Structure formats: structure tokens, C-alpha cells
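One-letter residues, chain by chain:
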Amino acid sequence: MHSTLPNDLAQWWMPFTDNRHFKANPRVLVAAQDMHYTAGDGRQVLDGCAGLWCVNAGHGRDRIVRAIQQQAGDLDFAPTFQFGHPLAFQLANRLGALMPPGLDRIFFTNSGSESVDTALKIALAYHRARGDGQRTRLIGRERGYHGVGFGGISVGGMVANRRTFGPGLVGVDHLPHTHDMARNAFSRGLPAHGAELSDRLEAIVALHGADTIAAVIVEPVAGSTGVLPPPVGYLERLRAITARHGILLIFDEVITAFGRLGAATASERFGVTPDLITMAKGLTNASVPMGAVAAARHVHDAIVDAPGDVPGIELFHGYTYSAHALACAAGIATLELYADDGLFARARALEAHFETAVHRLADAPHVIDIRNFGLMAGIELAARAGAPGARGTQMLRTLFDAGLLVRVTGDTIALSPPLIVSADQIDEMVTMIATALQDLA
């Protein structure tokens, strides 16, 4: 049954939203199937961003729906503090098999933000268990997005997400971002220039001492800041530096895991294995909130089997809904769907067409850069004088009215369609964007 628009919109304080404008001009979605949403006025809206980078298998997939329905009747909730249920172990086993070799110890959360804070706490606990409790410093990156927990916004580098909430965690430093339009504008795939930016970690090590640094966290491909693929060789150099200094490397793969880059993880695609991987979004195809952290065995074992540790709880951390039964059922069905439909390979096969299509916008009005990797693209527009972000916001609203849902960050349009997208639908998205740009002031 499709919900109707309520008469009073005031009660819901909406997240990351211009509440005043929205409630005067609501954009309401009432149903979804495959590649399309149904808007409140009955229009079909093509999904150009997989909801919020998360509906990787498309909307309304029967296998996932049936799994959730059945599980709700069998076991709605089971506590996971000192108890367990079968699906949690089944999903952990299946998920571990998708991870890089050795990263098969899975801690379940409920969101990407919780996954990040969990990974940061695991990193601190790891060093403490090894007798290196002085390693408490955390290193993020400028323009990084790691969710909205206090740990995540502290290591994150998106200014608007931080400025209201005070200094955050102490002992945090940041690497420079890799966005270099002077050398890399309109790059196709990985930018050629900028691997040396990873070497800035050596300067941070020299300043604070390696024995004070617990972990470095980066998005292999930054998404929410406008799609920033890593320069060729950047991640490899970062891995080498962290390994040399005994610093844990965390890949935030909340966006990039589960096929977005044509592989199970960005780690697999790039051939670079971190110590921890954070996930969420595509884990359940966004049908039930769920996240996870995959930890290397040496990290897990250092905490769980710490020498001289007394019997009892090893890690004082978790959530009421960790490994929620409905989420586990959805996760298992989702991973089966990815495998049976070959969606990761399908995304990889579409990559060349997607790249060619989005770069057709290079000569469109206001476009100053296009970046792409996998089924992710950022189309950056010149900011309007004195009004940064205004053009991006206008494009979001104009495209929705035209029948296309996109993600906008600042003046960058982000595309990340479900992996079931067709070549014709990719072309349709690009045509709609091109038309809207022609009318954009």
C-alpha cells in the first residue's frame, strides 16, 4: 500500500536536509521497484544513486523481502550479549568469505557510522592488548567522510559536518586530500598524479612518533565528498608506510563494498589489504539497517587471546541490535542475490560504458571536472559567485522534477546507480543531466 502525504510535516526533524525548504516543497517517495522510485504524485523517478549509495541490487527484490518476512515470524529478536542465534554465525561466515584473505573476523553494527566508531575502538583495544596503550592517536584525511559519530566526525574531514560539534576526539590528525584539479581534471579511472601525497604520513609520524599512532582511516574511493578516486599507487604506498610503523590501516568501505567497484571490496579491486574494513549500506541492500567491521585475524586474536588476560568479556563494546535477526536474514539473502545474479561482475562489465557516458558531459555548461571509477562518478560544477553549493542544490531539485534521483554534495553531482542498471538507463541519466545543465543559471 502506498502511503499518502500527511497533512502536517512539522514533527519529523529530517537529517541532512534543508527542513524549511523541504516542508514548503516536499519531495516524497512512496514506493520503489527495480531501478525506479514512485513519487507521491505517481511519477516514476529513475534512481541514479542507489538510494544513498546502498540499494546495490535494486529495489523490492523478492528474495530479500521473503527472507525478512519469514524471519520476523520465526525469531524477531535475540540478544547477542552472551547469547547468539544461528543466522548471525551464518552471515559472518558468508561475509568473511567475501573479504580479503585473513580479514574474516566479523563484528556486526547497525550503520556505517557505528562501523567506523567500532573500528576505531578495535584499533585502540588492539594496541592496548599488545602492551602499546600509548598508541592512541588516530589519523584521518581532509575531505574524508566517516559517518556522524564523534569518532567518525573527528577523523572525518568535511568541515560542515564538524564545525557545530566542538573539537571532537583529542589526538587526531589528518592527511591531505587527493583532489588535484590542476593535474587530474577530467581523469578517467584513477588519476595519474598524487601518489606522493601518501608520504605526508611520514611527516605526521615524525611529528608525533610512530609509537603514539594507533590507526589511519581512509575511504579507498571517497564518496560523500564528491567521488575522489585514489591516485595510481596511493593506497599501495599508504599500506607500506603504515605497515612499516606498526600502524593499523582501516579502509572505510561503507560505500565501496558489495560491487560498487566491480568487486566484493575496494581492497580486492586495488589489491591492497588493510587491517580493518568497515561496511554497511549494500550489506543488506539497505532493506534493514546493518553494518559490520571485518578484522584481520591478528587484530582479533590480540584482543580475544591477550596474554595474561583474565577470563570474561574481551571487548567492552556492542549494540543492542548487533546482528539483529531480521538484518541477518536480509544480509544472507542479499549476498546470495549478488552471487546468483553475478552483480559484481555485471558492474565491472558496465564500467567502460558508464565512464564514456558521464564524460560526454565534459563540454556541458558549468562543468569543471568529471571523475569516475567503477559505477561511481562525480560531475563537478563551477560554484555560483557568492553562493557555493547553490548550483548543486538546484540540480538536485530540477532533476527530481524531471524524473531522476541523484546525490549532490556541494556543487558536485554524484552518480552511483544500482548494479542492475542497464546501458540505456545510464545514457538516460546522462541525457537528463545534460538537459538540466543547459537551463542552469
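Cut-off values and rules
Residues numbered from 1 in each chain as written. Predicted model: local features only at pLDDT ≥ 70, side-chain atom pairs only at ≥ 80, totals over all residues. Heavy atoms only, no water. Phe/Tyr/Trp six-rings, centres within 6.5 Å; stacked < 30°, edge-to-face > 60°. Helix = DSSP H or I, 4+ residues; strand = E, 2+ residues; numbered from the N terminus. Buried < 20%, exposed > 50% of the residue type's maximum accessible area, 1.4 Å probe, protein only. Lys NZ or Arg CZ within 6 Å of the ring centre and 35° of its normal. Axes fitted to C-alpha atoms, helices over the stretch in contact; angles between N-to-C directions. Parallel < 35°, antiparallel > 145°, perpendicular 65-115°, else oblique. Left-handed = near helix turned anticlockwise from the far one by under 90°. Contact = heavy atoms within 4.5 Å. Pairing = 2+ DSSP bridges. Disulfide = S-S within 2.5 Å. Arc of directions from axis to C-beta. Polar contact = N/O pair within 3.5 Å; in protein donor to acceptor, adjacent residues only side chain to side chain. Salt bridge = Lys/Arg side-chain N within 4 Å of Asp/Glu carboxyl O.

Asker: Hey, could you run me through the packing of aromatic side chains in this one?
Answerer: Within a pair of aromatic rings, the relevant descriptors are the distance that separates the centres and the angle that separates the planes. Under the criterion given, the structure shown has four aromatic pairs. Judged by centre distance (6.3 Å) and plane angle (20°), the ring pair of Phe258 and Tyr338 falls under stacked. Linking Phe258 in the loop between strand E8 (248-252) and helix H11 (266-270) with Tyr338 in helix H13 (residues 325-341), this pair joins segments that are 80 residues apart in sequence. Among the residues examined, Tyr338 registers a relative accessible area of 3% and is labelled buried. Here Tyr338 and Phe344 contribute two aromatic rings whose centre-to-centre distance is 5.2 Å and whose plane-to-plane angle is 40°, an arrangement assigned as tilted. With respect to class, Tyr338 is no different from Phe344; both count as buried. Through successive ring pairs, a cluster of aromatic residues spans Phe258, Tyr338 and Phe344. It is Arg43 that lies over the ring of Phe400; its NZ or CZ is 5.1 Å from the centre.

Asker: When you look at the packing of helix H3 (residues 62-74) against H13 in this model, what are you seeing that I'm missing?
Answerer: Two measures define how a pair of helices packs: the angle their axes make with one another and the distance between the axes. Put simply, H3 and H13 touch, their axes get as near as 8 Å, and they point 155° apart. As the angle between them shows, H3 and H13 are arranged roughly antiparallel. The interaxial crossing formed by H3 with H13 has right-handed handedness. In contact with Arg63, Ile64, Ala67, Ile68, Gln71 and Ala72 of H3, H13 contributes Ala325, Leu326, Ala329, Ala330, Ala333, Thr334, Glu336, Leu337 and Asp340.

Asker: Hey, could you run me through the sheet that holds strand E9 (residues 276-279) in this one?
Answerer: Backbone-to-backbone hydrogen bonds pair the strands of a sheet. The strands run either parallel or antiparallel. Strand order across the open sheet formed by seven strands is E4-E10-E9-E8-E7-E5-E6, with mixed pairing between neighbours. Looking at strand neighbours, the two that pair on one side only are strand E4 (105-109) and strand E6 (172-175), the edges of this open sheet. Mean inter-strand twist for the sheet, computed between neighbouring axes without regard to direction, equals 20°. Note: E8 against E9, three bridges, orientation parallel. Within the sheet, the bridge partner assigned to Phe251 lies in E9 and is Ile277. Against the sheet, helix H5 (residues 112-129) engages E4, strand E5 (137-141), strand E7 (213-218), E8, E9 and strand E10 (291-295), with an angle of about 160° to E9.

Asker: Sorry if this is basic, but what is going on with the state of the cysteines here?
Answerer: Under the definition given, this model contains zero disulfides. There is no disulfide at Cys328, and the cysteine sulfur nearest it, in Cys54, is 18 Å away. Residue Cys328 is classed as buried on the basis of its relative accessible area of 0%.

Asker: Where do I start with helix H9 (residues 200-208) in this structure?
Answerer: Within H9, the full set of buried residues consists of Leu201, Ile204 and Val205. Along the axis of H9, the buried residues cluster in a sector spanning 100°; they form a single face. Residues of H9 that are exposed and point more than 90 degrees away from the buried face comprise Ala206 and Leu207. In this structure, the buried side of H9 is in contact with E5, E6, E7 and helix H10 (234-244). Positive backbone phi, at 95°, marks Gly209, one or two positions downstream of H9.

Asker: Would you take a moment to explain unusual backbone geometry for this structure?
Answerer: Leave glycine aside and you will find that most residues have negative phi; peptide bonds, for their part, are mostly trans. For Asp34, which is not a glycine, the phi torsion comes out positive at approximately 60°. As for its position among the elements, Asp34 is in the loop between strand E1 (29-33) and strand E2 (36-39). Backbone geometry at Phe186 places phi at a positive 60°, although glycine is not the residue there. If you trace the backbone, Phe186 turns up in the loop between helix H8 (181-184) and H9. Exposure remark for Phe186: the relative accessible area of 30% places this residue in the partly exposed category.

Asker: Sorry, what's going on with the side chain of Asn372 here?
Answerer: Take Asn372: it is sitting in strand E11 (residues 367-373). Of note is the side chain of Asn372, whose polar atom sits 2.9 Å from the side chain of Glu355. Asn372 has contacts with Ser187, Arg188, Gly189, Pro229, Glu355, Val358, His359 and Ala377, leaving out every residue within four places of it along the chain.

Asker: Got a minute to help me understand the pattern of salt bridges in this structure?
Answerer: Pairs may arise between side chains of opposite charge once their charged atoms sit close together. Within this structure, the stated rule accounts for 17 salt bridges. Between Arg183 and Glu196 there is a salt bridge; the shortest N-O distance is 3.0 Å. Of this pair, Arg183 sits in helix H8 while Glu196 sits in the loop between H8 and H9, placing them 13 residues apart in sequence. Salt bridges sharing partners connect three or more residues here, namely Arg63, Arg94, Glu336 and Asp340.

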